[in-house]
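Geometric and topological summary
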Amino acid sequence: MQELAAAIRETARKLLEEKTVDLVIGFASGSLPLRSTPCFIRKPEDAAKLVFDAGCENNLANYLRQRDEKVAVVAKGCDTRAIVVLLQENQIKRDNLYIIGVPCQGMIDRVKIDALLDGKDLLAAEVQGEAVTLKTAAGEKQVALVDVLHDTCKTCQYGNPVIYDVLLGEPVKPRQADDFADVKAFEALSPAERKARLTEEFSKCIRCYACRNACPMCYCSECFVDCSTPIWIKKSVDPADNMMFQAVRVFHLAGRCADCGACDRACPMGLNLRTMTRKLVMDVKELFGYEAGVNLDAKPALSEFAFDDPQPFLVKE
Ligand code: SF4
Ligand code: SF4
Ligand code: SF4
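The following paragraphs examine the structure supplied in this document.

What counts, and where the lines are drawn
Residues numbered from 1 in each chain as written. Chains lettered and ligands numbered in written order. Predicted model: local features only at pLDDT ≥ 70, side-chain atom pairs only at ≥ 80, totals over all residues. Heavy atoms only, no water. Helix = DSSP H or I, 4+ residues; strand = E, 2+ residues; numbered from the N terminus. Contact = heavy atoms within 4.5 Å. Areas by Shrake-Rupley, 256 points an atom, 1.4 Å probe, with all protein chains shown as cover. Lys, Arg positive; Asp, Glu negative; His and termini not counted. Charge placed at Lys NZ, Arg CZ, Asp CG, Glu CD. Expected span 1.5 Å × (residues − 1). Buried < 20%, exposed > 50% of the residue type's maximum accessible area, 1.4 Å probe, protein only. Arc of directions from axis to C-beta. Pairing = 2+ DSSP bridges. Axes fitted to C-alpha atoms, helices over the stretch in contact; angles between N-to-C directions. Near = heavy atom within 4 Å. 1 Å grid on protein atoms, 1.4 Å probe; cavity = no way out; pocket = protein on both sides within 12 Å on 5 of 7 lines; lining within 4 Å. Sits in = over half its atoms within 2 Å of the grid points. Nonpolar A, V, L, I, M, F, W, Y, C, P; charged D, E, K, R; others polar.

To continue, consider the overall build of the protein. A count of helical and extended segments in the protein gives 11 helices and 9 strands. A principal-axis box enclosing the C-alpha atoms of the protein has dimensions of 55 × 50 × 40 Å. Summarising the internal contacts of the protein: among those between residues at least 6 apart in sequence, 65% fall at separations of at least 24. Of the roughly 16500 Å² that the protein leaves accessible, carbon and sulfur atoms contribute 53%. If the 41 positive side-chain charges of the protein are averaged to one point and the 46 negative ones to another, these points end up 2 Å apart.

Right, let's get into helix α2 (residues 77-88). Counted at 1.5 Å a residue, the expected span for α2 with its 12 residues is 16 Å, and the 17 Å between its end C-alpha atoms agrees. When α2 is considered as a whole, its buried residues turn out to be G77, C78, D79, T80, R81, A82, I83, V84, V85, L86 and L87. Tucked inside the fold, the buried residues of α2 contact β4 (71-75) and β5 (97-101).

So, about helix α1 (residues 2-17). Over its 16 residues, α1 runs 22 Å from end to end, which matches the ideal 22 Å to within 8%, given 1.5 Å per residue. Listed in full, the buried residues belonging to α1 are L4, A5, I8, T11, A12, L15 and L16. For α1, the buried positions fall inside an angular range of 125° around the axis, keeping them on one side. Exposed and facing more than 90 degrees away from the buried side of α1 are Q2 and E3.

Another point: the sheet that holds strand β7 (residues 131-136). Sheet strands associate in pairs through backbone hydrogen bonding, adopting either a parallel or an antiparallel arrangement. In space, the 3 strands of this open sheet follow the order β6-β7-β8, with antiparallel pairing throughout. In this open sheet, the two edge strands, each paired with only one partner strand, are β6 (124-128) and β8 (139-144). Each strand of the sheet is rotated relative to its neighbour by a mean of 20°, with strand direction disregarded. The pairing of β6 with β7 spans 5 bridges and is antiparallel. Bridge pairing in β7 places E126 opposite T133.

Attention shifts here to the site of ligand 1. Lining the immediate surroundings of ligand 1 are K76, G77, C78, C104, G106, M107, T152, C153, C156, Y158 and G159. At a threshold of 2 Å from the grid points, most atoms of ligand 1 map onto the second largest pocket. Contributions of two or more residues to the shell around ligand 1 are made by α2 and α5 (151-154). Grouping the constituent residues of the shell around ligand 1 by class yields 6 nonpolar, 4 polar and 1 charged.

Below, the structure is given as structure tokens:
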């Protein structure tokens, strides 16, 4: 990863020096191990701040809209899928974008790491292949990378960028395919059980909207939750309105969700948002054979209509 980070810095420095772009968006180190922060570089000498490691989990496609300047972005597989959707929706211009593609073997979930450390502070973490060494004041511990990845990354099929101007590093192999077992288990519940499960989950939501703000595809100039005429949902939190917010958010992402997991990771209350977003990912894949952001030339599933489109949802309870 150190070599990949060095290649990113060198590419960014050159792009700025040669004035190919005005801005490079990448990652800088955070204040804790396995934490990084989006970083905006305008001067070649500042390219030295860029890093790339298993803590670079933000989807940087979120920062590309509404820019007139020429921008380069460091993009993992899921970031490039989001970029493809934004290009298809005319939210960004390909001519103004330089994509620094980086293969990604997955981002580490700090919550899973903390659970392994028995309350000790993580001082450093190093990923070597499929193993991670965790350093605490009590010593070192080795864990398998796959055991501490974010759930999204455990089943990622698109770790390699699907679109790029330059590809740095070595391609990675797809991980185990998603069998949507949790979604199917949820669907197997009775309507009353599903409602009880959702009510319990959504009673935790504090409506901070971090999930919405972290998503590159959630870009309406006025979100329905902020409308005052009409008022769709109350400002105060209650499970029914919280559920309505998520139901609308998720439906707006049908056929557009790049399954990057950014919404789920952003939630400070630990709500399980992935089962809902992946329900739509699964349905769109099964019904229309379509995965969002994988192919720039493919027509988005919900942008076209055919008389023989499958419509089982019209009669399902
Ligand atoms: S979803 Fe895939 S590309 Fe995105 S961070 Fe995880 S492994 Fe990397
Ligand atoms: S991030 Fe979590 S707590 Fe905040 S609005 Fe979304 S679901 Fe609710
Ligand atoms: S809904 Fe969540 S998983 Fe899907 S693209 Fe948005 S942030 Fe990523």
